[in-house]
Amino acid sequence: LRYIQDEMNLEALRQLRTKKIQQEERERERKEGKKDDKKEDVAGMEKPLGDKHIVKLIHNLWRRTLIKYGKSDVGLYLQYAEYCKEIKAHAALSRILAEALQLFPHQQGLWIEAASHEFFVLGSIQNARVLMQQGLRVFSHAPEAQQDLWIQLFCLELHFCERLSARSTILQGGASKEDGKNKETVAGDNDDDDNAKSDRHKIAKLVYKNAVAAIPDSVSFRLRFWDQCRLFSDTERLQQEIVESTRTDLCKDNAEAWMAWALFQWERKQNRKEEDQDKDDGSDEEEEEQEENNSQDGSTKKRSAGSFASKGSASKKLKSDSGDEGDAWSVLDILRRATQELPTEEMYLKAVRMITRYIATLQQEEEDEDEDEDPDVALGFELLETLFDEAAKTQFFSADLVMEQTLLLQRLNKKEAAIKCLEDFAEQKPVTEALKVWIYLAEISEKGPIPILTKALGGADMNHPSYYEVLLHLFGAKLEAQDDSNLLALFQKLVLLTPGFLPISEIEEPIFGIPHAPNACLQFLRYLRSKGDTVHARKVYRTVIFESSLGNIFNEFDEDMMVTFVEEAVALEQDSSGKKADKRNALVRLLEEASKLFEDTELGRKYQERLREVKLAG
């Protein structure tokens, strides 16, 4: 492989030098006043042998490598295929992919790569389809392994449809330039436009139908088809059929299916709103054109008005006739029905979050576009209240639902109701289930965090991680408020419990600045130093470094933080006002323990050097 890479580098260097020589030759010819009369002849000439022999050598080296090592390493075939793509050796790439598929038929990526090469490079949709179908037959014993192949075959058909659509657009554009009468024909065919677009996707629909038959019970698999459709234009009808099939087959007991249906209706509503705005803008422009034409010819006014009226009525008829069962349901209707037919915590939580997001989006659009309030905003708030009232009476009323309800009440400027909601839930549920409720209550309550967290700590199970997390929050709240009461006792609890809750977990968003136990010990040591409480500060660092295993535990978790802790302890002893001999003995003991703590590291050697200096100075 190194030999091949050297040859590839040599070929790249040769190309650079050849390009430089050709540029210099063209500049010399321009200076001499010569014209490029033979440009077409030069372009049609064959390249010299020197331009080919290095590439041929590289191909030969790759073939020999594959013969010797390729039967057990698919990566070699992929590297060779990548090189063929770089130099646009399409024939060699086709041959290499075919050989690789014979040796490694269970590599999904090879089937997809070969089909992509056939379609996007060689332009053969038939060969691409054959390859994908062969790949699906290879994995017929494992339907789950077919998912990527089904998705790629579906995308292949959508790409082919787009290619046909672009070709049709070009041909229609050219015809309209030749004959202006074709415009009337195109305008009259608008009624059949949706059907024509749907017909283009017949094969894609068939692929989806067969894929669903092979893997019938996976909502995520069906939604992957929908996600791919959204990347292509003119696939609204196809998207609707995918969502409808998901709704009718899987909505009974699957929250994701309900959410997909609601999201589809939401996007459809947004698309229709944008279309209406575009029509309004277009009608304004047509009115201006009509006014100009009216000033020139009154008869033209009658004809244009008559044709515009017929066109408008046809479009309205299309819009009303295009409705189906899916159109009759709004986003809020779907989510309400979902919670009625699937009354689970997951469904309620997903519905509440989508409704909240839906209302926020509508309100933001109203502010940006200065429009009247959408009726769905008020209906959405009413539905949220209904869902929260229903959930509160069930057994699955969870902390996540309470948090969503609290955020909604705060958004409506009902802080007292939000606090009461949190308090009621915290009183009814154990701390293990209501941990995030207690913490958020401590953050927003007017009573202050310390009494709330103290109460939560008293009701928590000491052997459960929730107790340890509440302890960290309470310790941070007391440090932040500079409340010294029971602070040393809380520190002792933290020291005793930390070895029992390994590995050390970190609070992602610490409200009171204490993400984990090492940080709590460091902040406590700094707090006592800032107050000049040397006695208790010594007790803190001696407990961590000398009297427990926390030193090693903290060092494994975060070495930099442990170094900072040791340096704080050293600074404490250096700044202390005791006798010189006592200071020296304390420093010697501290540096000896630090050198052991960071043994066989550069830090350990530095602490040993400092230890020798302190001993010599004494």
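Residues numbered from 1 in each chain as written. Predicted model: local features only at pLDDT ≥ 70, side-chain atom pairs only at ≥ 80, totals over all residues. Heavy atoms only, no water.

A.B. asks: How should I be thinking about the overall build of the protein in this particular structure?
C.D. replies: Counting its regular elements, the protein contains 30 helices and zero strands. Residue burial in the protein is summarised as follows: out of 618 residues, 39% are buried. Long-range contacts, defined as pairs at least 24 residues apart, comprise 65% of the intrachain contacts of the protein with a sequence gap of at least 6. On the protein, roughly 36,200 Å² of surface is accessible, and the fraction owed to carbon and sulfur atoms is 49%. (Helix = DSSP H or I, 4+ residues; strand = E, 2+ residues; numbered from the N terminus. Buried < 20%, exposed > 50% of the residue type's maximum accessible area, 1.4 Å probe, protein only. Contact = heavy atoms within 4.5 Å. Areas by Shrake-Rupley, 256 points an atom, 1.4 Å probe, with all protein chains shown as cover.)

A.B. asks: Sorry if this is basic, but what is going on with the packing of helix H20 (residues 415–428) against helix H21 (residues 435–444) here?
C.D. replies: When two helices pack together, their arrangement is captured by the angle between the axes and the distance separating the axes. Contact geometry of H20 with H21 gives a least axis separation of 10 Å together with a crossing angle of 145°. Where H20 crosses over H21, the two elements pack in a sense that is left-handed. Note on element contacts: H21 touches H20 through Val 437, Trp 438, Tyr 440, Leu 441 and Ile 444, opposite Lys 415, Ile 419, Leu 422, Glu 423, Phe 425 and Ala 426. Considering only residue class, the contact of H20 with H21 consists of nine nonpolar, no polar and two charged. (Axes fitted to C-alpha atoms, helices over the stretch in contact; angles between N-to-C directions. Left-handed = near helix turned anticlockwise from the far one by under 90°. Nonpolar A, V, L, I, M, F, W, Y, C, P; charged D, E, K, R; others polar.)

A.B. asks: Please clarify how H20 should be interpreted in this entry.
C.D. replies: Count 3.6 residues to each turn of an α-helix, and residues three or four apart come out pointing the same way. Here H20 contains 14 residues, and its C-alpha end-to-end distance of 20 Å stays within 8% of the 20 Å for a straight helix at 1.5 Å per residue. Residues of H20 that are buried include every one of Ala 418, Ile 419, Cys 421, Leu 422, Phe 425 and Ala 426, and no others. Summarising the axial view, the buried residues of H20 lie within an arc of 155°, below the 170-degree limit, and thus occupy one face. Residues Glu 416, Glu 427 and Gln 428 are exposed on H20 and point more than 90 degrees away from its buried face. Residues of H20 that are buried make contact with helix H19 (399–411) and H21. (Expected span 1.5 Å × (residues − 1). Arc of directions from axis to C-beta.)

A.B. asks: I would appreciate a short explanation of the packing of helix H28 (residues 559–575) against helix H30 (residues 602–617) in the present structure.
C.D. replies: Interaxial distance between H28 and H30 falls to 13 Å at its minimum, and their mutual angle equals 10°. One element, H28, and the other, H30, form an angle in the roughly parallel class. Here Glu 559, Val 563, Val 566, Glu 567 and Val 570 of H28 lie close against H30, whose contacting residues are Leu 603, Tyr 607 and Arg 610. Tallied by class, the residues present in the contact of H28 with H30 amount to five nonpolar, no polar and three charged. (Parallel < 35°, antiparallel > 145°, perpendicular 65-115°, else oblique.)

A.B. asks: How do you make sense of unusual backbone geometry when you look at a structure like this?
C.D. replies: Only a minority of non-glycine residues have a phi that is not negative, and only a minority of peptide bonds are not trans. A cis amide bond links Leu 502 to the next residue, Pro 503, at an omega of -5°. Considering the arrangement of structural elements, one finds Pro 503 in the loop between helix H24 (487–497) and helix H25 (517–531). With a phi angle near 55°, Gln 482 is a residue other than glycine that sits in the positive phi range. Following the sequence through the fold, Gln 482 ends up in the loop between helix H23 (465–481) and H24. Since its relative accessible area comes to 59%, Gln 482 is described here as exposed.

A.B. asks: Explain the packing of aromatic side chains to me, please; I cannot follow it from the model alone.
C.D. replies: Following the criterion strictly, the structure yields 17 aromatic pairs and no others. Here the aromatic rings of Phe 119 and Phe 120 are separated by 4.9 Å at their centres, their planes lie at 75°, and the arrangement is edge-to-face. For Phe 119, a relative accessible area of 1% translates into the label buried. One aromatic cluster is present, formed by Phe 154, Tyr 208, Phe 221 and Phe 225 through successive ring pairs. Here the basic side chain of Arg 129 rests over the ring of Phe 160, its NZ or CZ set 5.3 Å away from the ring centre. Across the ring face of Trp 261, the terminal group of Arg 247 is positioned such that the distance to the ring centre comes to 4.4 Å. (Phe/Tyr/Trp six-rings, centres within 6.5 Å; stacked < 30°, edge-to-face > 60°. Lys NZ or Arg CZ within 6 Å of the ring centre and 35° of its normal.)

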